[in-house]
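Each chain, written out:
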Amino acid sequence: MRKKLLIITLILSLTVVFFASSAFAEYPEKPLNYIVCFNPGGESDITARTQQKFLEEVLGVDVVISYKIGGGGAVGFSELVKANPNGYTVSGYNLTNIILQPLARENPGYETKQIKPIYTFEFTPDILAVRKDSDIKTLDDFVKYAKEHPGAITVGGSGTYTPNHLGALEFDKEAGIKTTYIPFTGSGEAVPSFLGGHVTALMTYTSMGVQYREEMRILAVAAEERVSYLPNVPTFKELGYNYVEGQYRGLAAPPDMPKDKVDILAEACREVNQIPEFQAKMEEMGFELVDYGPEKSTKLIDEKIDFYKSILEDLGIT
Amino acid sequence: MLYTVLTSFAAIFTIKNILFMIFGVTAGMIAGGLPGLTATMSVALIVPFTFTMDPITGLVTIGAIYCGAVFGGAFSAILVNTPGTPSSIGTTFDGYPMTKQGKGQEAVFTATFASAGGGLIGTVILIFLSVPLSRVALKFGSPEYFWISIFGLTIIASLASKSVLKGFAGGLFGLLISMVGVAPIGGDVRFTLGMPSFQGGIQLISILIGFFCIPEMLKMAGNLKKHKMKTVEMQSGIDVFKKSFMNVFKKPVNFIRSSIIGAFVGVIPGAGGNIANLVAYNEAHRSSSNPESFGKGNPEGVVATEAANNATVEGSVVPLLTLGIPGAPPDAIIYGALMLQGLRPGPELFSGPNAKITYAFMLSFFIANLLMFVVGILGGKAINKIVTSVGHKYLVPSIIFMTILGSYAIRNNIMDVIVMLVGGFIGYLFKELNFHPGPVVLGLILGPIAEKGLVRGYLMGQALPVPWMIFFTRPISIILIVLTLFSVIWPFIKNKRDAKNERGAA
Amino acid sequence: MKRGNTDLIGGIIMLFSGIFFWLQMGHFTKFGLLFPRAIIILIIISGIALLIKSKVNPSYGENIFVEDDMPRMILIAIICLIWVLFMKRIGFIVTSFFALGLSFWVLKDNRNLKTFLSSFILAACEVIAFYYIFAKLLYVPLPEGILF
């Protein structure tokens, strides 16, 4: 009798251990599917690909990048919220886009709250630039010219309802001027128009500023403090304009992804952000690293929702 | 500089690089030949693998795949009337009729000669004219892009073959469906029937397959018995080879002109191979001594389109390397690869420590095109044999299967496949009503370019008293307007002149 | 039909397309409206022009929508339609297997048990081959429905 009991206990405990270990089997064990919602060669693609290599090292599995492009990211985001929450499908997300699209469009296919941020790892501030041969030498020149010729200055930027677009609107409001914003499909379309003299100024990202610093005169950067990779560029705040804007980029998950898996990925991102090689690479390209875990990202998003809502109301859109 | 050129050339010739280039060219050709996989996708697929290679090897592999893919599109265009990539749309116009006449082998070989040759001319232009060309490319602003698309649409007149009115209507239909999605300016979500997947618009590949391939497949399915007669290959191997060579080089004007058109159109960012092949075709048609033969199996048409589209490959690299601006979608991906390797496009790429890599990349296109030629001849014979001998009853479902896979692979969205099939049914309808698919697809391609040019140009004109004047007061715009008008009026002048000659002769 | 007035049918299609899009124009912004309005107006005009031409100088197509074997063609079309509509729900491999096998069988000269089997064996080979190439080699995530 005792022997039987012993055997049964042994079998039961082995079973428990077996199930327990498979439940706690190391996540992730399969390749991770990383969706990029924007065109290849763009900022979101480059930051994702730079991160990919290091994520693979930290997580120990392949990270496979796939594209779901369209609608300013909306196609990808709407697929993300319907994706399998088993932890093997994540997507890059752009903070401004995921907030503004549901506000400004009738049916983008998702709600802002459905997108669960895992980690927000980088921030690219806006910059305002003119060509090196332009008559406009400083931000004050710009504002002065704009006041004298309302609507005459054309400012190119990437997209509609993006940090470039809203940045142009926010700055117009701050400075009390009126410029004409011209949306392009991606920075890659905006820059040639700028270089060729077809638009007067560019409200673009620091990454473009770093790449084209020979051809651009950057009037100001829309960050809280000066950025290390553009040390000679004053901030808008320094020059008296309370204008801070840029794109936050991070990793996001489908709405029902389990918290423990989210935390594992968040920790991986945090580790990647500490790797000196990654830091150097991102800074070299003009991307600033930030660290917002899942809870802090959600808080950031909520703050920005209120902020953007008020701007849209000012403009009469909603 | 000469020293750099020589050392770069030497750097390419390692066993490893040559092997990778052969692999690249072959893989590219296969990918390009499969309807649904485009050059952009092929490049996107290979780029991650190149991160672990050293820069020169990585870049020459990418270049080889790019060349191969653009060339590979010709195979499916010629053999099953499906442009394997959008740059081979024009190749179907004369390539497929040639296949139906039993001259598929000749068409494929002609395409091989033309592609390799066009690529070589393109490489020469890339190496020697990069900097001046890129400066000219920058001068193209939104109003110019608008006029380019209008010019492109007037080409419809030659593609519509029988009815100009139907051609324009088809083009307008293409423009209509190009508007589905998010408005480039304004951000409105338009014509999506409430479905989020349509925010990305109607995919070009879906419509390409739908309008070119599916109708043919359906017709094949409905005419199985009739087909049994025409599988005989009419010419022997060496003769075909020689004839194809003659097709390209005996009329050098067509070949050289098409290559130059291809390279130059490639330099203009955003224009790309999709349009270049049609512009070259149009020019070949216009300058030909017997234009009526175009569209019925005239090899000149194949030469024009294939030379142009391969020259575009090198042309589109020009703005990429000089300015960091992609000339065509695959270049956007190469841009990402360059950035990740730490190679920043711009003047420093040509003179700094990375100059060797840059020149190696450019020079590698010579080798890639030659390798492509060899693989093309060897493979072309085999592929042609396979496709023409496999009975339609096996071909049709298999090809439809591949197109389903291909349309799904665009962006992993089942809607693209559904659109492809529904587009196919509409394409069948159009075909029976004698609406040529070319204008429809052209409208779809040019729609966004035209709209962006129009609206942005209008916005740019805000500084002027009458904003619309901006479209008529810029030098390049004026040149384009003149070209467009010429293109529209030319058929009438030609008719009058021909009639006059006939009267004079009689 | 034996002899169809292609201009007439074409004109109706163009007109219909233009009106269909017109009805879907919601609240567009000033800039989002510019281009669509122009194109829709132009296509309606071209539709009307085709209709006028269909009366004044019609082009006729001989034997349009008539193929040797209409039932077979329509059957293939229907199989393909069901194929794409159910692919996501049921899963790539299963749906393609059935649709491909069925298509092969429909196109055979003789339809009996032997050709039925050979069709489905060929279909199985193709589906497996392409599945491996696309899903495993190229990392394209093919639809997985309730089956696979």
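Note that the structure is a prediction, hence the values are computed from the model and not measured.

**Some details on the overall build of chain A**
At step 1: Scanning chain A from N- to C-terminus turns up eleven helices and ten strands.
At step 2: Principal axes of the C-alpha set define a box for chain A whose edges measure 100 × 40 × 30 Å.
At step 3: The buried share among the 318 residues of chain A stands at 58%.
At step 4: Considering only residue pairs separated by 6 or more positions, chain A has 78% of its internal contacts joining residues 24 or more positions apart.
At step 5: Entry remark: accessible area of chain A is about 13400 Å², with carbon and sulfur atoms responsible for 55%.
At step 6: Seen as two clouds, the 31 positive and the 43 negative side-chain charges of chain A have centres 5 Å apart.

**Concerning the overall build of chain B**
At step 1: Regarding its fold elements, chain B presents 22 helices and two strands.
At step 2: Its C-alpha radius of gyration of 22 Å places chain B within 12% of the 23 Å reference for a compact globule of 506 residues.
At step 3: A principal-axis box enclosing the C-alpha atoms of chain B has dimensions of 65 × 65 × 60 Å.
At step 4: Relative to its 506 residues, chain B shows a buried fraction of 68%.
At step 5: Long-range pairs, those at least 24 residues apart, make up 78% of the contacts in chain B with a sequence separation of at least 6.
At step 6: Only carbon and sulfur atoms are counted for the fraction: they give 72% of the accessible area of chain B, which is about 17000 Å².
At step 7: The centroid of the 35 positive side-chain charges in chain B is displaced by 4 Å from the centroid of its 20 negative side-chain charges.

**Here we look at the side chain of Thr-57 of chain B**
All names here are of chain B.
At step 1: Within the element layout of this structure, Thr-57 appears in helix H4 (residues 55-80).
At step 2: Within the structure, Thr-57 has its side chain in polar contact with the side chain of Asn-17 (distance 2.9 Å).
At step 3: At 2.7 Å, the side chain of Thr-57 and the side chain of Asp-54 are in polar contact.
At step 4: Beyond its immediate stretch of four places on either side in the chain, Thr-57 contacts Lys-16, Asn-17 and Phe-20.

**Quick notes on the packing of aromatic side chains**
At step 1: This structure, assessed with the given rule, holds 50 aromatic pairs over all chains.
At step 2: Centroid distance Phe-191 of chain B to Phe-28 of chain C: 5.7 Å. Interplanar angle 90°. Geometry classified as edge-to-face. Within this pair, whereas Phe-191 of chain B is found in the loop between strand E2 (189-190) and helix H10 (204-222), its partner Phe-28 of chain C is found in the loop between helix H1 (6-23) and helix H2 (30-56), the two belonging to separate chains. Like Phe-191 of chain B, the residue Phe-28 of chain C is buried in the burial classification.
At step 3: With a centroid separation of 5.9 Å and an interplanar angle of 15°, the aromatic rings of Phe-401 of chain B and Phe-92 of chain C are classed as stacked. In this pair, Phe-401 of chain B is assigned in helix H19 (residues 392-411) and Phe-92 of chain C in helix H4 (residues 92-106), connecting two distinct chains.
At step 4: Residue Phe-92 of chain C is classed as buried on the basis of its relative accessible area, which comes to 1%.
At step 5: Here a set of aromatic residues connected by ring pairs shows up, and it is made of Phe-109, Phe-113, Phe-241, Phe-245, Phe-249, Phe-255 and Phe-373 of chain B.
At step 6: In this structure, Arg-249 of chain A is placed above the aromatic ring of Tyr-205 of chain A, and the distance from its NZ or CZ to the ring centre is 5.5 Å.
At step 7: Cation over ring: Arg-89 of chain C sits above Phe-86 of chain C, and NZ or CZ is 5.6 Å from the ring centre.

**Side note on the nonpolar core**
At step 1: Core analysis: the biggest nonpolar cluster contains 255 residues, and Tyr-34, Ile-118 and Met-216 of chain A together with Trp-83 and Leu-142 of chain C have the highest contact counts within it.
At step 2: The greatest single-element share of this core, amounting to 16 residues, is contributed by H4 of chain B.
At step 3: Not counting chain neighbours up to four residues away, the residues in contact with Met-216 of chain A comprise Ile-127, Ala-129, Val-130, Lys-132, Phe-194, Leu-202, Thr-204, Met-208 and Gly-209 of chain A.

**Comments concerning the confidence of the model for chain B**
At step 1: Chain-level pLDDT for chain B is 87 on average; 96% of the residues reach the 70-or-more range.
At step 2: Listed scores for the predicted complex are pTM 0.88 and ipTM 0.92.

**What to know about unusual backbone geometry**
At step 1: Of note, Tyr-161 of chain A is a non-glycine position whose phi angle comes to about 60°, a positive value.
At step 2: Relative to the helices and strands, Tyr-161 of chain A is located in the loop between strand E5 (154-158) and helix H6 (163-175).
At step 3: You will see that Phe-65 of chain C, though not glycine, has its phi angle at about 55°, which is positive.
At step 4: For Phe-65 of chain C, the position within the fold is in the loop between strand E2 (60-62) and helix H3 (70-90).

**Remarks on helix H12 (residues 237-249) of chain B**
All names here are of chain B.
At step 1: Here H12 spans 19 Å end to end across 13 residues, near enough to the 18 Å set by a 1.5 Å rise per residue.
At step 2: Taken together, the buried positions of H12 are occupied by Val-240, Ser-244, Asn-247 and Val-248. Summarising the axial view, the buried residues of H12 lie within an arc of 90°, below the 170-degree limit, and thus occupy one face. Those residues of H12 that are exposed and angled more than 90 degrees off the buried face are Ile-238 and Lys-242.
At step 3: Packing partners of the buried residues in H12 comprise helix H6 (104-138), helix H13 (252-267) and helix H15 (299-323).

**Focus: the interface of chain C and chain B**
At step 1: With 66 residues of chain C at the contact, the number on the chain B side is 65 residues.
At step 2: The junction of chain C with chain B conceals about 5900 Å² of combined surface from both sides, 79% of it contributed by carbon and sulfur atoms.
At step 3: Together, Phe-21, Phe-31 and Phe-35 of chain C form the three largest contributors to the area buried by chain C at its contact with chain B, with a combined 12%.
At step 4: Our count for the contact surface shared by chain C and chain B stands at three salt bridges.
At step 5: Between the two partners, chain C and chain B, sit twelve residue pairs in polar contact (both at pLDDT 80 or more).
At step 6: Of all elements in the fold, only H1, H2, H3, H4 and helix H5 (113-137) of chain C reach the threshold of two or more residues within the side of chain C that touches chain B.
At step 7: Here the element with the most residues in the side of chain C that touches chain B is H2 of chain C; it accounts for 14 residues.

**A look at the pairing of strand E2 (residues 63-67) of chain A**
All names here are of chain A.
At step 1: Judged by how many residues are buried, E2 sits mostly within the fold: five of five residues are covered.
At step 2: Of the two faces of E2, the one lined by Val-63, Ile-65 and Tyr-67 and the one lined by Val-64 and Ser-66 are each fully buried.
At step 3: Summarising the sheet, strand E1 (residues 32-36) and E2 pair through five bridges and their orientation is parallel. Paired with Asn-33 across the bridge in E2 is Val-64.

**Structural notes on the environment of Leu-37 of chain B**
At step 1: With respect to the helices, strands and loops of the structure, Leu-37 of chain B is situated in the loop between helix H2 (15-33) and helix H3 (39-50).
At step 2: On the basis of relative accessibility, which here comes to 7%, the residue Leu-37 of chain B falls in the buried class.
At step 3: Along the chain, Leu-37 of chain B and Met-402 of chain B lie 365 residues apart, while their C-alpha atoms are 9.7 Å from each other.
At step 4: With residues near it in sequence (within four places) discarded, Leu-37 of chain B still touches Ala-31, Gly-32, Gly-84 and Thr-85 of chain B together with Phe-134 of chain C.

**Overview of the packing of H4 of chain B against helix H18 (residues 355-389) of chain B**
All names here are of chain B.
At step 1: The geometry of H4 relative to H18 is characterised by a closest axis approach of 8 Å and an angle of 30° between their N-to-C directions. Considering the relative orientation of H4 and H18, their crossing is right-handed.
At step 2: A breakdown of the residues in the contact of H4 with H18 according to their chemical character gives 18 nonpolar, seven polar and no charged.

**Structural notes on the pairing of strand E6 (residues 180-184) of chain A**
Each regular strand carries side chains that alternate between the two faces of the sheet.
All names here are of chain A.
At step 1: Among the five residues in E6, five count as buried, and that is most of the element.
At step 2: The side-chain alternation of E6 yields two buried faces, one formed by Thr-180, Ile-182 and Phe-184 and the other by Tyr-181 and Pro-183.
At step 3: Remark: the E5/H6/E6 crossover connection has right-handed handedness.

**Side note on the packing of helix H2 (residues 43-59) of chain A against helix H16 (residues 329-340) of chain B**
At step 1: It is the contact of H2 of chain A with H16 of chain B, at a shortest axis distance of 10 Å, that shows an interaxial angle of 45°. In terms of their interaxial angle, H2 of chain A and H16 of chain B are classed as oblique. Helix-helix and strand crossings are classified by hand; for H2 of chain A and H16 of chain B the assignment is right-handed. For the pair H2 of chain A and H16 of chain B, contact is made by Ile-46, Arg-49 and Thr-50 of chain A and by Tyr-335, Gly-336, Met-339 and Leu-340 of chain B, respectively.
At step 2: Each residue belonging to the contact of H2 of chain A with H16 of chain B can be placed in one class, and the counts come to four nonpolar, two polar and one charged.

**As for the pattern of salt bridges**
At step 1: Across all of its chains, the model carries 31 salt bridges over all chains by this definition.
At step 2: The salt bridge partner of Arg-249 of chain A is Glu-122 of chain A, with a shortest N-O separation of 2.6 Å. Taken together, the positions of Arg-249 of chain A in strand E9 (residues 246-253) and Glu-122 of chain A in strand E4 (residues 116-131) put the pair 127 residues apart, joining distant regions of the chain. Here the two residues Arg-249 of chain A and Glu-122 of chain A agree in accessibility, since each one is buried.
At step 3: Of the charged contacts in the structure, one is a salt bridge between Arg-270 of chain A and Glu-267 of chain A, with a shortest N-O distance of 3.1 Å. With Arg-270 of chain A and Glu-267 of chain A both in helix H9 (residues 259-274), this residue pair falls three residues apart, about one helical turn.
At step 4: The partly exposed category is assigned to Arg-270 of chain A, whose relative accessible area is 34%.
At step 5: Overall, Glu-267 of chain A belongs to the partly exposed group, its relative accessible area being 35%.
At step 6: Through salt bridges with shared partners, a single ionic network connects Glu-189 of chain A together with Lys-452 and Arg-456 of chain B.

Conventions and cut-offs
- Residues numbered from 1 in each chain as written.
- Chains lettered and ligands numbered in written order.
- Predicted model: local features only at pLDDT ≥ 70, side-chain atom pairs only at ≥ 80, totals over all residues.
- Heavy atoms only, no water.
- Helix = DSSP H or I, 4+ residues; strand = E, 2+ residues; numbered from the N terminus.
- Buried < 20%, exposed > 50% of the residue type's maximum accessible area, 1.4 Å probe, protein only.
- Contact = heavy atoms within 4.5 Å.
- Areas by Shrake-Rupley, 256 points an atom, 1.4 Å probe, with all protein chains shown as cover.
- Lys, Arg positive; Asp, Glu negative; His and termini not counted.
- Charge placed at Lys NZ, Arg CZ, Asp CG, Glu CD.
- Rg over C-alpha atoms; globule rule 2.2 N^0.38 Å.
- Polar contact = N/O pair within 3.5 Å; in protein donor to acceptor, adjacent residues only side chain to side chain.
- Phe/Tyr/Trp six-rings, centres within 6.5 Å; stacked < 30°, edge-to-face > 60°.
- Lys NZ or Arg CZ within 6 Å of the ring centre and 35° of its normal.
- Core = buried A, V, L, I, M, F, W, Y, C linked by side-chain atoms within 4.5 Å.
- pLDDT = per-residue confidence, 0-100.
- Expected span 1.5 Å × (residues − 1).
- Arc of directions from axis to C-beta.
- Buried area = accessible area lost by both parts, 1.4 Å probe.
- Salt bridge = Lys/Arg side-chain N within 4 Å of Asp/Glu carboxyl O.
- Pairing = 2+ DSSP bridges.
- Axes fitted to C-alpha atoms, helices over the stretch in contact; angles between N-to-C directions.
- Left-handed = near helix turned anticlockwise from the far one by under 90°.
- Nonpolar A, V, L, I, M, F, W, Y, C, P; charged D, E, K, R; others polar.
- Right-handed = clockwise from strand over helix to strand, strands pointing away.
- Parallel < 35°, antiparallel > 145°, perpendicular 65-115°, else oblique.

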